[in-house]
Amino acid sequence: MTYLRVLLRFFQANLMVAMEYRADFLANALVAVASSLWTLAALQVFFMHRPRLGGWRYEEALIVAGLFIAFEGIMAALLRPNLEEIPEAIRQGTLDFVLLRPLDSQFLVSFQRMQIWHLTDILLGLGVVAWALARLGWPPADRLLLFGVMLLAGLVIFYSLLMILITLSFWFVEVGNIMELIYTFFEAGRFPVTAFPTWVRIVLTFIVPIAFITTVPAQAVLGWLRPAGVVTGLAIAAVLFAVSRAFWRYALRHYTSAGG
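Residues numbered from 1 in each chain as written. Predicted model: local features only at pLDDT ≥ 70, side-chain atom pairs only at ≥ 80, totals over all residues. Heavy atoms only, no water.

(A) Molecular detail of a nonpolar patch on the surface. Together, Leu8, Phe11, Leu15 and Leu119 make up a nonpolar patch on the protein surface, roughly 290 Å² of accessible area in all. It is helix H1 (residues 2-18) that provides the largest number of residues to the nonpolar patch, a total of three residues. (Patch = residues over 30% accessible without salt bridge, like charges linked within 9 Å, V, L, I, M, F, W, Y side chains within 5 Å. Areas by Shrake-Rupley, 256 points an atom, 1.4 Å probe, with all protein chains shown as cover. Salt bridge = Lys/Arg side-chain N within 4 Å of Asp/Glu carboxyl O. Helix = DSSP H or I, 4+ residues; strand = E, 2+ residues; numbered from the N terminus.)

(B) Seen up close, helix H3 (residues 58-83). The first and last C-alpha atoms of H3 sit 35 Å apart over 26 residues, in line with the 38 Å expected at 1.5 Å per residue. In H3, a bend of some 40° at methionine 75 exceeds every other bend along the element. For H3, the tally of buried residues reaches 23 of 26 residues, placing the bulk of the element in the interior. (Expected span 1.5 Å × (residues − 1). Bend = angle between axes of the 7 residues up to and from the residue. Buried < 20%, exposed > 50% of the residue type's maximum accessible area, 1.4 Å probe, protein only.)

(C) How the structure looks around the packing of H3 against helix H8 (residues 141-167). Remark: H3 packs on H8, axes separated minimally by 12 Å, with the N-to-C direction vectors making an angle of 35°. In this structure, H3 meets H8 at a crossing whose hand is right-handed. When H3 is examined against H8, the residues Leu67, Phe71, Ile74, Met75, Leu79 and Leu83 are found in contact with a partner set consisting of Phe147, Leu151, Gly154, Leu155, Phe158, Tyr159, Leu162, Met163 and Ile166. Class assignment for the residues of the contact of H3 with H8 results in 14 nonpolar, one polar and no charged. (Axes fitted to C-alpha atoms, helices over the stretch in contact; angles between N-to-C directions. Left-handed = near helix turned anticlockwise from the far one by under 90°. Contact = heavy atoms within 4.5 Å. Nonpolar A, V, L, I, M, F, W, Y, C, P; charged D, E, K, R; others polar.)

(D) Representation of the side chain of serine 105 in the model. Relative to the elements of secondary structure, serine 105 occurs in helix H6 (residues 105-111). Leaving out residues up to four positions away in the same chain, serine 105 has contacts with Val98, Leu99, Trp248 and Leu252.

(E) View of the pattern of salt bridges. Overall, the coordinates contain six salt bridges when judged by the stated rule. Residue arginine 135 pairs with glutamate 59 through a salt bridge whose shortest N-O separation is 3.0 Å. Residue arginine 135 is located in helix H7 (residues 119-136), and its partner glutamate 59 is located in helix H3; the two are separated by 76 residues in the primary sequence. Its relative accessible area of 15% is what places glutamate 59 among the buried residues. Residue glutamate 84 is joined to arginine 80 by a salt bridge in which the shortest nitrogen-to-oxygen separation is 3.0 Å. Of the residues examined, arginine 80 reaches a relative accessible area of 28% and is grouped as partly exposed.

This is the structure we're talking about:
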């Protein structure tokens, strides 16, 4: 409960900052929405010429696109503003202020900053998913529950992967190029993974597991996901999160702080 209260306070503080300049807040929100609509437009253009994309019909692929928009919003609202601050905090020694607080340091460096206007992306993405499901016919409760579980697993997978890479900044000055490479791979998540050649599917599933962010949750809600896929997704999420926690703690033991 303590961490939930702190998370709420972070949200309130960031909302107050964002609303100081309301015109700027509105402009940023409109830009975020326009970017999301571009993803939908690209999908619409493709289906004007072909009936299926990697075996997916329009409404089915729309679920993937909606999840991509929502996850892109989460990344822009929460992950990038926080994780990209870590290398600078290490170089300048300001990470000391985080370590002195009586809360888990990984939690603090992951959630203290939020770009509130990107919540519009999340809402728009989830709205697209809901519209597509309504067109296809609402799935039963067990599929919706599995959908939620796989969504959470996908978020944990992506967060853990980014956290592991950003923790390398305790030893290496520049990790930005690696992060940009991951963001580039993430762009492939706007389409079903089956739309790509076999070798790309393998990369997006097991090396840079982008498939678990959008395609796998969509398969879950459509009733296509086999038990082996569920177990694999949950196992990858658990292993990557455990590795990210252990690696962060290991890195902190090698952190010399501002005072050397």
